[in-house]
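Structural overview
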Amino acid sequence: MNLNVYTDKAYKKAFESKIAKVHRYNDMCIDIVEKGTFVVNTETSAYGVFDANGKFVDSSLQYRGKNTQFIPSYLPADEYMDCDAVFLGNAYHHFGHFIIEHLNRTWGIEKIHANNVKYVFIDNKNIGAKSWLFDFTDMLGIMREDVIILNKSMRFKNIYIPMQSLNNSGNMWAPEFKIGFDLMRENVAAEQVYERVYVSRAKLPDTMRTYNEEKIQKVFERNGFHVIYPETLPLQQQVAIIGNCKYLAGCAGTALHMGLFMRPGGRIVQLNRSGDINDNGALQWRMCMIKGLDFDIVSASVEEFKSKHGGAHAPQIIGGTRYLKQFFDDNGFVYVADDLITDSRSLADYRKMLKDFKKNNGGQIVLKLKRLLIKVIACMIPGRMNRGRVRKYLKEHL
């Protein structure tokens, strides 16, 4: 794959350090647990698979970096289904995290040859499954009646556990990660095919959109990109459009993760909408590397208040940075000088949102002090589960 980094030296150094630590895992396997039990405790959010002797099965750990889910105490399940089950992950509510963290076991689906099989996602917080979870399983060729969203303990004849093929916050990846995404793309009919696609955030709510993006995306549009607004399209249509394009561009975030459906030899351009060094650039690079895609990462943020890439953050705005200009020039984009000047209305809207954000959250120093205070207090709390609860409470009330 080809990699081009259009950023300042500090970001480039941090980015290169992260991708240098990434390593490939080759020994993927599928564990079979005879008379296995899913133990789920929605009060503590703990879950996992146990064997017939009540021993926890390590391959059911859901890794994110070095952390895993909370492991419950074993209790025999009263309910039993006389069939096999395949463990696929959590019915996680965040779309982007679900793609990366809870479709990373789907590589094993076609390798499991058994009759009367159910496919299990754990609802460990008892909040139900998003409708798009079933869109994914449809594209995987799984009948909806064979999908179980499990929020209680249950025994099965056999439980199949494919290993995680990618660790989101960690550095491990396996080539098998791409298998499920290729299968889903091939199961969707492509009615319209565009060689170049730009995924826009411009129609998201004001608290989520990226200001001045419309002006930047018009440059891409004039240079042959078809603009889509993912949240306005059915998931299958998004997969069909993105999976069959050769050149995908847009702001950093979940929409670019859909590049996992692309074919090898394509290219992704990520416009960074934040000045945060600890963003998802290295993760997006890893996805491109696994899929055999070229990757360009471009610093496009012109924010006046440093925001964070994910979670609750200050409003964000992009514009004609020197890095974006260099990218345009290097790739033969046609544009005029005015395209690099931030739209006055967008800037005014951004500043209004920023003023409201500061009023509710404080300035940079206050935010740093809040984060430090939360970290210090949480470190004093014994038990990982209790620390998590305290952090959540403080984030909501400070």
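The rules we used
Residues numbered from 1 in each chain as written. Predicted model: local features only at pLDDT ≥ 70, side-chain atom pairs only at ≥ 80, totals over all residues. Heavy atoms only, no water. Core = buried A, V, L, I, M, F, W, Y, C linked by side-chain atoms within 4.5 Å. Buried < 20%, exposed > 50% of the residue type's maximum accessible area, 1.4 Å probe, protein only. Helix = DSSP H or I, 4+ residues; strand = E, 2+ residues; numbered from the N terminus. Pairing = 2+ DSSP bridges. Phe/Tyr/Trp six-rings, centres within 6.5 Å; stacked < 30°, edge-to-face > 60°. Right-handed = clockwise from strand over helix to strand, strands pointing away. Axes fitted to C-alpha atoms, helices over the stretch in contact; angles between N-to-C directions. Contact = heavy atoms within 4.5 Å. Polar contact = N/O pair within 3.5 Å; in protein donor to acceptor, adjacent residues only side chain to side chain. Parallel < 35°, antiparallel > 145°, perpendicular 65-115°, else oblique. Nonpolar A, V, L, I, M, F, W, Y, C, P; charged D, E, K, R; others polar. Salt bridge = Lys/Arg side-chain N within 4 Å of Asp/Glu carboxyl O.

A few points about the nonpolar core
Counting 58 residues, the largest nonpolar core has Phe 15, Leu 133, Phe 136, Phe 181, Met 184, Leu 248 and Ile 268 as its most contacted members. Ranked by the residues each element gives to this core, the list is headed by helix H8 (residues 281-291), at six residues.

Considerations on the pairing of strand S14 (residues 247-251)
Taken across its five residues, S14 has five buried, putting it largely inside the fold. In this structure, S14 lies alongside strand S15 (residues 267-272), joined through five bridges in parallel fashion. By the bridge assignment, Leu 248 is partnered in S15 with Ile 268.

Quick word on the packing of aromatic side chains
For the coordinates displayed, the defined rule picks out 27 aromatic pairs. On the numbers, 5.2 Å between centres and 85° between planes, the contact of Phe 95 with Trp 132 is edge-to-face. With Phe 95 in helix H2 (residues 95-101) and Trp 132 in helix H3 (residues 131-139), this pair connects stretches of sequence that are 37 residues apart. Each ring, one from Tyr 198 and one from Phe 220, has its centre 5.1 Å from the other, and the planes form 45°; the classification is tilted.

A word on the pairing of strand S8 (residues 147-150)
As a general feature of sheets, a regular strand has side chains that alternate between the two faces. Note: strand S7 (residues 117-122) against S8, four bridges, orientation parallel. Residue pairing for S8: Val 120 is matched across the bridge by Ile 148. Tracing the backbone out of S7, into H3 and back to the parallel element S8 gives a crossover that is right-handed.

Things to note about the sheet that holds strand S16 (residues 294-299)
Read across the sheet, six strands follow the order S1-S16-S15-S14-S11-S13 without closing on themselves; strand pairing throughout is parallel. Among the strands making up the open sheet, the edge pair consists of strand S1 (3-6) and strand S13 (226-228). In this sheet, neighbouring strand axes are inclined to one another by 15° on average, regardless of whether the strands run parallel or antiparallel. In this sheet, S13 lies alongside strand S11 (residues 196-199) in parallel orientation, the contact comprising three bridges. From the neighbouring strand, Val 199 faces S13, where its bridge partner is Ile 228. On top of the sheet, H8 reaches S1, S15 and S16; it is set at about 165° to S16, its chief contact.

Here's the deal with the side chain of Gln 270
By the secondary structure assignment, Gln 270 is in strand S15. Note on Gln 270: relative accessible area 0%, which makes it buried. There is a polar contact of 3.3 Å between the side chain of Gln 270 and the side chain of Asn 280. Ignoring anything within four residues of it in the chain, the contact list for Gln 270 reads Gly 250, Ala 252, Leu 256, Asp 279, Asn 280, Gly 281, Gln 284, Phe 295, Asp 296, Ile 297 and Val 298.

Section: the packing of H3 against helix H6 (residues 235-243)
Contact pair H3 / H6: the axes reach a minimum separation of 9 Å and the direction vectors enclose 55°. Classed by the angle they form, the pair H3 and H6 counts as oblique. Taken together, the residues of H6 that come into contact with H3 (itself represented by Trp 132, Asp 135, Phe 136, Asp 138 and Met 139) are Leu 235, Gln 236 and Val 239. Of the residues that constitute the contact of H3 with H6, the class distribution is five nonpolar, one polar and two charged.

Examining the pattern of salt bridges
Note on pairing: side chains with opposite charge can pair once their charged atoms come close. Per the stated rule, a full pass over the model turns up 17 salt bridges. A salt bridge links Lys 291 to Asp 182; the shortest N-O distance between them is 2.4 Å. Pair noted here: Lys 291 is in helix H8 and Asp 182 is in helix H4 (residues 179-186), with a separation of 109 residues, a long-range link. The exposure class assigned to Asp 182 is partly exposed, which follows from its relative accessible area of 22%. Where Asp 339 meets Arg 222, a salt bridge forms, and the shortest distance between an N and an O atom there is 2.4 Å. Residue Asp 339 is found in the loop between helix H9 (322-330) and helix H10 (344-361), and its partner Arg 222 is found in helix H5 (residues 213-222); the two are separated by 117 residues along the sequence. A cluster of three or more residues bridged by salt bridges with shared partners is formed by Asp 182, Arg 185, Glu 186, Arg 263 and Lys 291.

So, the environment of Asn 90
Tracing the backbone through its elements, the reader meets Asn 90 in strand S6 (residues 80-90). Given the relative accessible area of 6%, Asn 90 is considered buried. Distance from Asn 90 to Ile 122, taken between C-alpha atoms, is 4.6 Å for residues 32 residues apart in sequence. Filtering out sequence-adjacent residues up to four positions away, Asn 90 remains in contact with Tyr 47, Gln 62, Phe 98, His 102, Phe 121, Ile 122 and Asn 124.

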